[in-house]
Amino acid sequence: MYRLILSIFLTFSFAYPYDIDKLLDEAIKEVESEKSEKYYDLALKLFNEGVYRQAVKNGELFLDKNGEDLKKLDDVVLLLGISYYKLGQTKKLFDLFIRYVSSDYISDDTRKKLFIYSNNLFIRKKEWKRLKIVRKKGKYLIDSGRYLWRLKGKFSKFDPMVNIFKLREGNLIGENSIFISDRNLTLIEIAKKLDMGYDELKIANPHIDPFDILKGEAVFVPRRRLLPQQDFEFGTVYINLSEKRLYYPLIIDGDPYVITFPVGIGTDNAKSPIGEFKITQKKENPEWVVPKSIREEDPSLPPVVPPGPDNPLGVRAMRLGYTEYLLHGTSKRFGIGMQVSHGCIRMYNKDVERLFDIVQKGTKVVITEKGYKIFKNSKVYVEIFDLKNTDKKNIRSLLKERGVHITPYLIDFYNKEKRGFAVPLN
């Protein structure tokens with residue numbers, strides 16, 4: 001490109017008394033601007049504003065002019081895939097999927113999302129021929145039970161790559177996967193089936209109707225996570241209220257693992273506590289002594305609810321310090337991964353049983369509320385859950401300190417499309 005510019009301007013220099021150095025400098029700057037942020041930033045900005053057709057136009061121009069810019073290619077391909085899906089442009093989405101399904105230039109996460117949007121759109125549009133091709137080409141992207149390792153003893157009850165993970169590096173665990181619905185389901189039902197929380201599945205699938213998932217449709221399952229603290233302690237339970245998830249890092253048979261479960265937390269009017277606690281009491285099949293404040297809300301409640309299927313504490317309860325707050329099971333079918341409690345930390349009964357069996361009295365519990373995480377392992381990772389306006393500036397500043405420069409438009413894009421799982425940035 002630079003040689004072409006040089007030859008053109010050298011030719012003109014013989015006919016016109018121009019300052020060649022100045023003209024060359026201006027021409028190179030123009031070419032560089034074409035190759036940098038022009039179409040990329042505009043595509044992101046328009047996408048974030050919901051102007052999908054114009055976002056597509058600029059995203060396609062970026063691919064035409066700057067396809068070799070691999071750092072931005074992944075974002076643009078995902079942007080185009082989602083836009084084609086939202087606009088119902090089946091042919092363009094199909095062509096994009098075929099072009100990039102096996103590409104080494106985009107991330108595994110983007111390939112999986114391209115599969116999900118293609119698969120789901122072709123089911124809705126009843127384009128069975130394209131669906132068959134997408135299923136065949138994308139078969140390798142679907143989690144097919146390849147995680148065959150299993151621990152022994154009291155840890156044999158945990159499910160590898162679901163609620164127990166090998167610690168990969170630093171504080172990083174897991175890999176994202178795809179779930180294919182075997183019948184018409186809601187996202188609440190899928191969350192329980194996958195031992196996930198409802199909210200974390202919902203934010204990872206922003207373009208899927210949570211109450212209308214057809215048989216054969218695909219859902220993105222966010223399992224690649226960062227522990228809430230980079231310098232964590234093994235044997236300490238960590239709960240991040242923003243992501244509604246519990247982490248318990250342990251050394252098992254000499255190797256580092258992390259046990260993790262979704263949790264339900266307190267509502268805005270009855271928030272769960274933040275700080276450091278210790279488990280001071282453990283009870284199997286606990287009775288529920290109804291707090292005075294809750295009886296005032298519902299006078300029909302008795303002073304004490306005995307153990308049983310109607311007990312809201314479920315089958316196990318662990319007290320946090322010397323407070324009224326408990327880490328407990330539930331009698332409800334749903335509600336895990338949501339803001340539903342009066343401040344206690346709520347778990348699926350099966351999960352709280354497993355945790356109860358391995359956690360001792362005196363175990364430290366650290367409860368935080370982090371809307372995002374930024375940690376540096378071999379790569380710099382960002383994980384977003386719930387951003388305030390001031391957080392965007394802080395994220396850019398923290399990333400800059402770690403050698404990563406990111407535009408505000410890209411942060412907005414990640415906040416819409418890459419929430420709920422750890423995203424590598426370099």
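Before reading further, recall that the structure is shown in the block above.
Here's what I pulled together on the structure shown here.

Rules used throughout
- Residues numbered from 1 in each chain as written.
- Predicted model: local features only at pLDDT ≥ 70, side-chain atom pairs only at ≥ 80, totals over all residues.
- Heavy atoms only, no water.
- Core = buried A, V, L, I, M, F, W, Y, C linked by side-chain atoms within 4.5 Å.
- Buried < 20%, exposed > 50% of the residue type's maximum accessible area, 1.4 Å probe, protein only.
- Helix = DSSP H or I, 4+ residues; strand = E, 2+ residues; numbered from the N terminus.
- Contact = heavy atoms within 4.5 Å.
- Axes fitted to C-alpha atoms, helices over the stretch in contact; angles between N-to-C directions.
- Left-handed = near helix turned anticlockwise from the far one by under 90°.
- Nonpolar A, V, L, I, M, F, W, Y, C, P; charged D, E, K, R; others polar.

### Digging into the nonpolar core
Soluble globular proteins tend to pack their nonpolar side chains together in the buried interior. In terms of nonpolar packing, the biggest core is built from 76 residues, with Phe115, Ile190 and Tyr414 touching the most fellow members. In terms of residues, this core owes the most to one element, helix H5 (residues 70–87), which gives nine residues. Setting aside residues no more than four positions away along its own chain, Ile190 makes contact with Phe179, Leu185, Leu201, Ile213 and Val219. Grouped together as the second largest cluster of nonpolar side chains are 31 residues, Ile239, Leu241, Ile265 and Leu320 included.

### With respect to unusual backbone geometry
Keep in mind that most residues, glycine aside, have a negative phi and that most peptide bonds are trans. Here Asp253, not a glycine, exhibits a phi torsion of approximately 50°, which is positive. By secondary structure assignment, the location of Asp253 is in the loop between strand E7 (245–252) and strand E8 (255–262). Given a relative accessible area of 70%, Asp253 falls into the exposed group.

### Comments concerning the packing of helix H3 (residues 38–48) against H5
At a minimum axis separation of 11 Å, H3 and H5 run at an interaxial angle of 35°. Here the hand of the crossing between H3 and H5 comes out left-handed. Residues Tyr40, Ala43, Leu44 and Phe47 of H3 lie in contact with H5, whose contacting residues are Lys72, Asp75, Val76, Leu79, Ile82 and Ser83. Counted by class, the contact of H3 with H5 contains seven nonpolar, one polar and two charged residues.

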